[in-house]
Amino acid sequence: MDRLSEKENVMEEPLLNKDNSNAKGGFRTLPFIIANEAFEKLASLGLMPNMILYLTREYGMQTAGATNLLLLWSAATNFTPLIGAFLADSYFGRYSMIAFGSIASLLGMILLWLTTMIPTSRPICNQLTNNGCSSPTTMQIWILHSSFALMSIGAGGIRSSSLAFGVDQLSKRDKDAGIKESYFSWYYAAVTVSSLLGLSVVVYIQDNMGWTVGFGVPVILMFIATLSFFLASPFYVMLEAKRNLLSGLAQVIVASYRNRLLQLSHEDGTGIYHHEKDSILLMPTEKLRFLNKACIIINPLQDLTPDGRASNPWNLCTIDQVEELKALLKIVPIWTTGIMMTVNVSQSSFLVLEASSMDRHITSNFQIPSASFGTFMILSIILWIVLYNKVLVPMASRIIGRPACLGEKQKMGVGLFSCCIAIASLTVVESIRRRIAIEEGYSEKPQAVVNMSALWLLPRQILDGLAEASGVIGQNEFFLTELPQSMSSIASTLCGLGSSVANLVSSFILSVVDNVTGDAGNESWLSSNINKGHYDYYYGLICALSIVNFVYFLYCSKSYGPCKGRGK
């Protein structure tokens, strides 16, 4: 695998050297790429938190329906980067993909902004008499969904290629000088800061200056993101698109099926298997042996070209391709355990509703916007990362007298267990909040503020921060470590793919709970009237599923065996 990666680097290096000799690429282009991603994150994250309030108050949607729409939007936004990575590497190149994504995101945000300024683009609502909103027309729904679709497509174009496009700008000398590591640090720092600003400043503007100004700010930010990217176009290194690894994985599946009637030999003969000329893999492993049929040479004269390549890659694959697919299939069970963690975190829309019905005052003159409570989770993530790397690891290393740190699977286990405790705490808090609301006579007033501090929601946010800081980082480390180096692009998108699946799972659970509990004229657990519903029961269900998932993870972890370079 290492030789294959070195071979790819050698092939790309002449292009980089040629572009650098023409004063292209280099460190000077990185700020423009970072700014593009940071402003896109700032704009999109600034729209998401308050969207549940916009849909329920301005479009008259039921809480369950609006939440379902937001879950599907989030699922699409997390899935499109995988499609974008495939298209960028296979056909269009990373520059074209980011450029297209920037324009699509900008158009989507402009379209959403127009719904706040053009009265006929959204339903007529009578906020003063509380008579609700008229049903949205087909055109109004189309405009809303189109804006969401454009933003999801745009996010896929930008997030699929931005980080890798920055690496393309660096020559081998730049990478050896540590600029690559510096770029990664600044990239993630900018994304984190933009997330904080989106969940605090942009949300605060929406709460205090209205939807028109609040949705107009992300439009301006996205315009800056797009402009910053195109300004540096004459200086970018633009590598040509090359064949994507996903095609190779598909070829293994097809070839193994076509050769399914072949008999596998247990003899140690290396001549019957097809492998790359410079590959260190001469024999496939014995695990998932049926896939080995994809690389068996039946007739060398027909199966191979004069230079040793496969005549038809859909009939004959290399050992490297087979082992890459095996590695991917092996991690799938552990990958599925991370889905439930995102299902837990995806309940943020309900968190906004709860926070808006609780006392959010810090001082007599200032209260935290309900949609800004997501900021505490991000701050918690930063806190746990710093605490782990700067305090816990050095302290443990001094105590045992050697370097100490948690393994990848241990980090994932900590994250999943933290999710269980986090949702359990939210179940208790919501049960108390609902009881207080009923005692104070607010059963018919879902927007009334109960006499309970919203700071009781912080334990859940802090524990979810620990889950993200430990679990997600552990997942990324696990995927990047366990998959071959040639599959790094796939490894880096697996967490996002898991988030997309998790949003669909959340939507399914929500729909089932709403339909079942709201049947026969009963009040649904997820009623739009948060004081009449039973969100605490719903959280209890999610908690139970999280506990089952944690037990499932322990089984998968034990079955997987030791990670590479570790004994556990």
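Everything that follows concerns the structure shown earlier in this document.
Participant: Hey, could you run me through helix α11 (residues 319-337) in this one?
Facilitator: With 19 residues, α11 should cover 27 Å at 1.5 Å per step; its first-to-last C-alpha distance of 29 Å lies within 8% of that length. In the structure, α11 departs most strongly from a straight axis at I331, where the bend amounts to approximately 40° and where the proline P333 lies between one and four residues downstream. Counting buried positions over the 19 residues of α11 gives 14, a clear majority of the element.

Participant: Just to check I follow, could you spell out the packing of helix α13 (residues 348-356) against helix α18 (residues 535-560) for this structure?
Facilitator: In a pair of packed helices, the angle between the axes and the distance between the axes together describe the arrangement. Their axes nearest at 13 Å, the elements α13 and α18 cross at an angle of 145°. As α13 packs across α18, the resulting crossing turns out to be left-handed. Of the residues in α18, those in contact with F350, L351, L353 and E354 of α13 are Y535, Y538 and Y539. Looking at the contact of α13 with α18 residue by residue, the classes come out as six nonpolar, no polar and one charged.

Participant: Could you clarify how one ought to interpret the pattern of salt bridges in this entry?
Facilitator: Pairs can form between side chains of opposite charge once their charged atoms are near each other. Here the structure, examined in full by the defined rule, presents eight salt bridges. Where E58 meets R122, a salt bridge forms, and the shortest distance between an N and an O atom there is 3.6 Å. With E58 in helix α3 (residues 51-58) and R122 in the loop between α5 (94-117) and β1 (125-126), this pair connects stretches of sequence that are 64 residues apart. Across the salt bridge formed by D307 and R309, the nearest N and O atoms sit 3.6 Å from each other. As far as the burial class goes, D307 and R309 line up, both exposed.

Participant: Hey, could you run me through a nonpolar patch on the surface in this one?
Facilitator: Where nonpolar side chains cluster on the molecular surface, the patch consists of F32, I220, F223, I224, L227 and L231 and spans about 550 Å² of accessible area. When residues in the nonpolar patch are grouped by element, the largest group, five residues, is from helix α8 (residues 179-231). Structurally, I220 is set in helix α8.

Thresholds, definitions, all that
- Residues numbered from 1 in each chain as written.
- Predicted model: local features only at pLDDT ≥ 70, side-chain atom pairs only at ≥ 80, totals over all residues.
- Heavy atoms only, no water.
- Helix = DSSP H or I, 4+ residues; strand = E, 2+ residues; numbered from the N terminus.
- Expected span 1.5 Å × (residues − 1).
- Bend = angle between axes of the 7 residues up to and from the residue.
- Buried < 20%, exposed > 50% of the residue type's maximum accessible area, 1.4 Å probe, protein only.
- Axes fitted to C-alpha atoms, helices over the stretch in contact; angles between N-to-C directions.
- Left-handed = near helix turned anticlockwise from the far one by under 90°.
- Contact = heavy atoms within 4.5 Å.
- Nonpolar A, V, L, I, M, F, W, Y, C, P; charged D, E, K, R; others polar.
- Salt bridge = Lys/Arg side-chain N within 4 Å of Asp/Glu carboxyl O.
- Patch = residues over 30% accessible without salt bridge, like charges linked within 9 Å, V, L, I, M, F, W, Y side chains within 5 Å.
- Areas by Shrake-Rupley, 256 points an atom, 1.4 Å probe, with all protein chains shown as cover.

Shape is all these values report; function is a separate question.
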